[in-house]
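Analysis of the macromolecular model
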4 protein chains.
Amino acid sequence: MSGPAPRKYNPDNKTGYEYELLAEHLAGLISSGEWIPGRRMPGERSLAEEYGVALDTVRKATRILRERGLVQTLKSKGTFVAHPD
Amino acid sequence: MSGPAPRKYNPDNKTGYEYELLAEHLAGLISSGEWIPGRRMPGERSLAEEYGVALDTVRKATRILRERGLVQTLKSKGTFVAHPD
Amino acid sequence: MSGPAPRKYNPDNKTGYEYELLAEHLAGLISSGEWIPGRRMPGERSLAEEYGVALDTVRKATRILRERGLVQTLKSKGTFVAHPD
Amino acid sequence: MSGPAPRKYNPDNKTGYEYELLAEHLAGLISSGEWIPGRRMPGERSLAEEYGVALDTVRKATRILRERGLVQTLKSKGTFVAHPD
DNA sequence: GTGGTCTAGACCACA
DNA sequence: GTGGTCTAGACCACA
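This structure is a prediction, so every number in the text was calculated from the model and none was measured.

All names here are of chain A. Note that Leu 47 resides in helix H2 (residues 44-51). Separated by 34 residues in the primary sequence, Leu 47 and Val 81 have C-alpha atoms spaced 15 Å apart. Excluding residues within four positions of it along the chain, Leu 47 makes contact with Trp 35, Met 41, Pro 42, Gly 52 and Val 58.

Looking now at the pairing of strand E2 (residues 78-81) of chain A. Only one face of E2(A) is buried: it carries Thr79(A) and Val81(A), and the other face, with Gly78(A) and Phe80(A), is open. Where strand E1 (residues 71-74) of chain A folds back on E2(A), the antiparallel hairpin that results is connected by 3 residues, among which Ser76(A) adopts a positive phi of roughly 65°.

Let's shift gears to the layout of surface pockets. Here the second largest pocket is characterised by a volume of approximately 1000 Å³. In terms of lining residues, the second largest pocket is bounded by 32 residues, among which Leu74(D), Lys75(D), Ser76(D), Lys77(D) and Gly78(D) are the most central. Broken down by secondary-structure element, the contributors of at least two residues to the lining of the second largest pocket are helix H1 (18-31) and helix H3 (55-67) of chain B together with helix H2 (44-51), helix H3 (55-67), strand E1 (71-74) and strand E2 (78-81) of chain D. Ranked by residue count, the leading element in the lining of the second largest pocket is H3(D), at 5 residues. Across the lining of the second largest pocket, the residue classes tally to 11 nonpolar, 9 polar and 12 charged.

This part takes up the side chain of Thr79(D). All names here are of chain D. When you line up the elements, Thr 79 lands in strand E2. Side chain to side chain, Thr 79 and Thr 73 meet in a polar contact 2.9 Å long. The contacts of Thr 79, once residues within four sequence positions are left out, are Arg 39, Arg 40, Met 41, Thr 62, Val 71, Gln 72 and Thr 73.

What follows concerns the environment of Ile36(B). All names here are of chain B. Looking at where Ile 36 falls in the secondary structure, it is placed in the loop between H1 and helix H2 (44-51). Residue classification places Ile 36 among the exposed positions, given a relative accessible area of 52%. Sequence separation between Ile 36 and Gly 78 is 42 residues; the distance between their C-alpha atoms is 15 Å.

A word on the protein's contact with DNA strand F. Every one of the 38 residues lining DNA strand F counts as a neighbour, but Arg45(A), Lys77(A), Tyr19(C), Ala54(C) and Thr57(C) are closest to it. When atoms of DNA strand F within 4 Å of the protein are sorted by moiety, sugar and phosphate together comprise 62%. Here Ala54(C) contributes a backbone N or O atom positioned 2.6 Å from a phosphate oxygen of DNA strand F. In the model, a base nitrogen of DNA strand F is placed 3.1 Å from a nitrogen or oxygen of the Arg59(D) side chain. When contributions to the surface near DNA strand F are tallied by element, the ones reaching two or more residues are helix H3 (55-67) of chain A, H2 and strand E2 (78-81) of chain B, helix H1 (18-31) and helix H3 (55-67) of chain C together with H2, H3 and E2 of chain D.

A few words now on the packing of H2(D) against H3(D). To describe two helices that pack against each other, one gives the angle between their axes and the distance between the axes. Residue and element names in this part refer to chain D. In contact at an axis separation of 8 Å, H2 and H3 are set at 110° when each is read in the N-to-C sense. Judged by the angle between their axes, H2 and H3 are roughly perpendicular. Handedness of the H2/H3 crossing: right-handed. Taking contact as the criterion, the partners of Glu 44, Arg 45, Leu 47 and Ala 48 in H2 are, on H3, Leu 55, Val 58 and Arg 59.

Around DNA strand E, the structure places 39 residues, and the nearest of them are Tyr19(B), Ala54(B), Thr57(B), Arg45(D) and Lys77(D). At the protein interface, 63% of the atoms of DNA strand E within 4 Å belong to sugar or phosphate. A distance of 2.9 Å separates a base oxygen of DNA strand E from a polar side-chain atom of Arg59(D). Secondary-structure elements contributing two or more residues to the surface near DNA strand E are H2, H3 and E2 of chain A, H1 and H3 of chain B, helix H2 (44-51) and strand E2 (78-81) of chain C together with H3 of chain D. Residues belonging to the surface near DNA strand E are distributed by class as follows: 5 nonpolar, 13 polar and 21 charged.

So, about the UniProt feature "domain: HTH gntR-type" (unreviewed entry) in chain A. The residues that UniProt annotates with the feature "domain: HTH gntR-type" (unreviewed entry) are residues 16-84 of chain A. Within the segment residues 16-84 of chain A, helix and strand shares are 51% and 12% respectively, and the terminal C-alpha atoms sit 27 Å apart.

Rules used throughout
- All residue numbers here refer to positions counted from 1 along the written sequence of the relevant chain.
- Chains carry letters from A onward and ligands carry numbers from 1 onward, assigned in written order.
- Predicted model: local features are reported for residues with pLDDT of at least 70 only, side-chain atom pairs are reported and counted for 80 or more only, and whole-chain, interface and lining totals are derived from all residues.
- Remark: hydrogens and water are excluded; side-chain values derive from all non-hydrogen atoms of the structure.
- Helical segments are the DSSP runs of H or I of at least four residues, strand segments are the runs of E of at least two, and each set is numbered from the N terminus.
- Should any heavy atoms of two residues lie within 4.5 Å, those residues are counted as being in contact.
- A simple rule labels every residue: compare its accessible area, found with a 1.4 Å probe on the protein chains alone, to the largest value its type can have, and call it buried under 20%, exposed over 50%, or partly exposed in between.
- The pairing criterion is simple: DSSP has to find at least two bridges between the two strands.
- Here a cavity is any set of points on a 1 Å grid over the protein atoms alone where a 1.4 Å probe fits but cannot get out, and a pocket is any open set with protein on both sides within 12 Å along at least 5 of 7 lines; a residue lines the site when it has an atom within 4 Å of a point.
- Grid points are joined across faces, edges and corners, and a volume is the space filled by probe spheres set on the points.
- Following the grouping adopted for this structure description, the nonpolar residues are Ala, Val, Leu, Ile, Met, Phe, Trp, Tyr, Cys and Pro, the charged ones are Asp, Glu, Lys and Arg, and the polar ones are all others, Gly among them.
- For the purposes of these results, a polar contact is taken to be a pair of N or O atoms within 3.5 Å, where, inside protein, one atom must be able to donate a hydrogen and its partner to accept one; residues adjacent in sequence count only when each atom of the pair is a side-chain atom.
- The criterion for a residue being near a molecule or strand is simple. One of its heavy atoms has to lie within 4 Å of it.
- Throughout, an axis means a line fitted to C-alpha atoms (over the contacting stretch in the case of helices), and angles, computed between N-to-C directions, take values from 0 to 180 degrees.
- Note on angle classes: values under 35 degrees are labelled roughly parallel, values over 145 roughly antiparallel, values of 65 to 115 roughly perpendicular, and the remainder oblique.
- The crossing is said to be left-handed when, going from far helix to near helix, the turn is anticlockwise and less than a right angle, and right-handed when the turn is clockwise.
- UniProt positions are given in the numbering used here, feature names are shortened, and annotations may be inferred rather than shown by experiment.

Rendered as structure tokens:
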């Protein structure tokens, strides 16, 4: 019943807005190379379900990543991990 | 061969386009009083999943109901069963 | 900065939905006489490719023109510029 | 300028209806294992362009394959190479 | 070879 | 968390 805590997004462990935490988490997936440049992120509904958050939270997190230049959104196509400069 | 016939939307039993059949089916729910005036219909995504059709098919069926004055759509709120004249 | 401005449909210069802009653009071709009454419009696929939009967007634009009475669609034949009243 | 003729669908070398020849050709791709079971065939427009034939020819050829049980068509999804019995 | 239906699924504005 | 727009592309009926 003990054992390693699952390596997992856990908003309860932190302070701050949930969308910022989610943005951090996703930024981590990118900077760690788990999501490689050019890869399409899961859709907003998938992410909302996967992380148990509202759609709006996912959208705000995505916006942060976009403003940081970490991802690029192509309308109706998806949001893609940006290629580093 | 006995037993209750499934009370179910069955596009295979009819001719015509699926969105028309779905529209008929939903119109039936309204005219039978199963869906009462003012009630919000299930969301498009729910209906698509429930009836096993694509979103667009649900949308076309809804459009027919709207054109017949059976429902009224409020953007960002949902589609509601209209009150009879 | 000099030179002829490209005579071209440019959705980026305007606001509103693409299918409305495309409808305006095509209505312009009709009202300017570039497309004369009776003429068949290019097929939906051609228009989609020419303007770089999806088929559905072309279809919605065509529907608008049809509802305004500017064109008439004959199934399996094409969409034709209407004769003015 | 001589040399091997390209291994290629060539309707001119045969007699019979073009859609039958195309059906034979495609059946060959299946029986030779070039198209494996479960694989989706190219869309009808791709095939028409690739083989330089009319859409209707592709559709008639596909119908033959379907009647022979070599392929299965799922509406709006595509035509798939059938799994052998 | 056209317009139509249909699938699947993306992001967006708005509440 | 809804309806809307939009992409991409499949097969189908009809002429």
